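# Fold and contact review
Each chain, letter by letter, is given below.
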Amino acid sequence: MQATLNISNLSKSYDQGKVKALENISFHVRKGDICAVVGESGSGKTTLIRLIAGLEELDTGEIFIEDNLVASIKKNTAPEKRDVGMVFQEYALFPHLTVLENVVYGIKKSTSKKNIAIETLNLVGLKGYEKRYPHELSGGQQQRVALARALAPKPSVLILDEPFSNLDAMMRYHLRNEVFNIIKKTGVTAIFVTHDTQDALAVADEILILQHGKLVQKDEASALYKKPQSIYVASLFGNTVQLNKGLQTAFKCPLKENCCHAIRNESLTVNQDCDYVSEAEILKRTFLGTHSQLLLKLDNGEHLTVVTSEPVLGKTIKIGFNSNDLLAFDE
């Protein structure tokens, strides 16, 4: 499938080259796909989208949108000419303009701006809200206006920068699904920046992982979960226990040298026969509704915290895992 966004050998530094924000990043996003960008603070997520949008100038590399070169060492197309729409974390709506006027503002060239704006508001479920002002809307409704304003000009690439971080958990869940259903209907290619890996897993066709300014893995959600290429990637997608020497001794699983081994919390089982097992004393139980968190002291004195939905009785248990659930990474 044709790629809408192509990025090649992209680098960006600050403070006269002392701080490397991005280093030799290359990837593409297929037309109509949603690509989530995930990474801890300082990983380069914000710098990446600012470079794509034209709000920063690159040091090296090239950015193509719809096969058009928009950024290189010799060329830097202005943001308004890149065909990129943005939905900001703070929504950035004009408080003195109505909902309709906010959406119309985003349409640069058209003889029927009002009609396009009304159609887009209908698309995002805001029919009848045209004459309201931002302060008369809920956070979720403001988010939809921001989305409508970004979609109305029919951009080639839509960037969403932490769009749900200001919403409570319940609103976040419902709006997330609605927003990305709308985006899929339009067929726009989207870059979705988030620190929440559950959001990324739920909506993205592919997920791009940044760490310290470098692209460490880009793949479909299932592949990232099942075959992470580093302990960092594995830890982003669930509670992961790194098996140090003490834990290897406790579980009687001598593993190869010069290799980082880990096990996911959900692969640990209670009171069942497994390849690797340790006796454990329960030091503390924490009730979490459908699950319980257990602080365990293993038979060699090592401590381990696990979350389980299995019934746990008494003060001692067996805890274990199977060899095919082990994750291994070259150090």
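Heads up: the structure comes first, above all this text.
For the structure given in this document, a descriptive report is provided here. Because the structure is predicted, anything quoted here is derived from the model rather than measured. The numbers attached to residues start from 1 for each chain and follow its sequence in the written order. Totals for whole chains, interfaces and linings use every residue, but because this is a predicted model, local features are given only for residues with pLDDT of at least 70 and side-chain atom pairs only at 80 or more, for both listing and counting. For side-chain calculations, the full set of non-hydrogen atoms in the structure is used, while hydrogens and water are omitted.

We now examine helix α4 (residues 139-151). Under the 1.5 Å per step criterion, the end-to-end length of α4 is 18 Å for 13 residues, consistent within 8% with the ideal 18 Å. α4 sits mainly inside the fold: 11 of its 13 residues count as buried. For α4, the set of buried residues is Gly140, Gln141, Gln142, Gln143, Val145, Ala146, Leu147, Ala148, Arg149, Ala150 and Leu151. It only takes one pair of heavy atoms within 4.5 Å for two residues to be counted as in contact. Secondary structure is summarised from DSSP: a helix means a run of H or I of at least four residues, a strand means a run of E of at least two, and numbering begins at the N terminus for each. Of the surrounding secondary structure, the elements contacted by the buried residues of α4 are β6 (84-87), α2 (99-105), α3 (113-123), β7 (157-161) and α5 (169-186). A helix is expected to reach a length of 1.5 Å times the quantity of its residues less one. Only protein chains enter the accessibility calculation, which uses a 1.4 Å probe; a residue whose area is less than 20% of its type maximum is buried, one above 50% is exposed, and one in between is partly exposed.

This part is about α3. Every buried residue of α3 is accounted for by Ile116, Ala117, Thr120 and Leu121. Along the axis of α3, the buried positions cluster into a sector of 135°, meaning they face one direction only. When the buried face of α3 is taken as reference, the exposed residues oriented beyond 90 degrees from it are Lys114 and Glu119. Summarising the contacts, the buried residues of α3 are in contact with α2 and α4. Looking one or two residues beyond α3, the residue adopting positive phi is Gly125, at roughly 80°. This arc is taken over the directions from the axis of the helix to the C-beta atoms.

What follows concerns the side chain of Glu206. Secondary-structure assignment places Glu206 in strand β9 (residues 206-211). Each residue touching Glu206, except ones within four places of it in the same chain, is listed here: His28, Arg30, Ile34, Cys35, Ala36, Lys218, Asp219 and Glu220.

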